[in-house]
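Chain residues, written in single-letter form:
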Amino acid sequence: MAERASDSEMQVLSALWDEAPQTAADLTSRIGKINGWTQATVKTLLARLVQKGAVTAEADGRRYLYSPAIERADAVGEESQRFVDRLFGGRVSPLIAHLADREALTDIDIAEIEALLKRLKS
């Protein structure tokens, strides 16, 4: 996805990753009510995602069925890289150091990072 998705658009995309295809009405019932969105709002978010190439829309009679056009892992990878680039100059180690300084890393997080580093070294 070339253009960054907003937080609201990511909620819609996440719902589609969980279950697809869905109609605008399905999504409104599923996530619209939680966020106070009307069906018109959900349709606007879907239109933006279609325009960005993140979602496809297939006509089904008088309604559209929406499905993700990108994989969750790809979107997470892009968003993670943007985050690291924007806040940490593209380097991951300052992010880890920041989290460690804030005591935001649990023992499980540390063990997983150590295992990942060990796997990357070999």
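Predicted, not measured: the structure shown is a model, and the values here were computed from it.

Scoring rules and cut-offs
- Residues numbered from 1 in each chain as written.
- Predicted model: local features only at pLDDT ≥ 70, side-chain atom pairs only at ≥ 80, totals over all residues.
- Heavy atoms only, no water.
- Helix = DSSP H or I, 4+ residues; strand = E, 2+ residues; numbered from the N terminus.
- Rg over C-alpha atoms; globule rule 2.2 N^0.38 Å.
- Buried < 20%, exposed > 50% of the residue type's maximum accessible area, 1.4 Å probe, protein only.
- Contact = heavy atoms within 4.5 Å.
- Areas by Shrake-Rupley, 256 points an atom, 1.4 Å probe, with all protein chains shown as cover.
- Lys, Arg positive; Asp, Glu negative; His and termini not counted.
- Charge placed at Lys NZ, Arg CZ, Asp CG, Glu CD.
- Pairing = 2+ DSSP bridges.
- Expected span 1.5 Å × (residues − 1).
- Domains from an automatic or database assignment.
- Salt bridge = Lys/Arg side-chain N within 4 Å of Asp/Glu carboxyl O.

## Structural notes on the overall build of the chain
And step 1. The helix and strand tally for the chain stands at six helices and two strands.
And step 2. Secondary structure elements in the chain, listed N-terminal to C-terminal, are α-α-α-β-β-α-α-α.
And step 3. The C-alpha radius of gyration of the chain comes to 18 Å, more than 25% above the 14 Å expected for a compact globule of 122 residues.
And step 4. Within the span of the chain, comprising 122 residues, buried residues form 25% of the whole.
And step 5. Contacts in the chain between residues far apart in sequence, at least 24 positions, make up 48% of those at least 6 positions apart.
And step 6. Just so you have it, the chain exposes about 8300 Å², and 52% of that area is on carbon and sulfur atoms.
And step 7. Distance from the positive charge centre (16 side chains) to the negative charge centre (19 side chains) of the chain: 4 Å.

## Focus: the pairing of strand 1 (residues 55-60)
And step 1. Pairing of strand 1 with strand 2 (residues 63-68) involves six bridges; the strand directions are antiparallel. Bridged to Thr56 within strand 2 is Ser67.
And step 2. Adjacent in sequence and paired antiparallel, strand 1 and strand 2 are bridged by two residues, among which Gly61 carries a positive phi angle near 70 degrees.

## As for helix 1 (residues 7-18)
And step 1. Compared with the 16 Å implied by 1.5 Å per residue over twelve residues, the 17 Å span of helix 1 between its first and last C-alpha is a close match.
And step 2. Inspection of helix 1 places Glu9, Val12, Leu13, Ala15, Leu16 and Trp17 among the buried residues, and these make up the whole buried set.
And step 3. Where helix 1 is buried, its residues touch helix 2 (24-35), helix 3 (39-51), strand 1, strand 2 and helix 4 (72-88).

## Thoughts on the domain arrangement of the chain
And step 1. Taken as a whole, the chain is organised into domain 1 (7-68) and domain 2 (72-121).
And step 2. Averaged C-alpha coordinates put domain 1 and domain 2 at centres separated by 30 Å.

## Some details on the pattern of salt bridges
And step 1. In the structure shown here, the tally under the stated rule is seven salt bridges.
And step 2. As a salt-bridge pair, Arg72 and Asp18 come within 2.8 Å of each other at their nearest N and O atoms. Highlighted residues: Arg72 in helix 4 and Asp18 in helix 1, separated in sequence by 54 residues.
And step 3. The closest approach of N and O atoms between Glu19 and Arg30, which form a salt bridge, is 3.7 Å.

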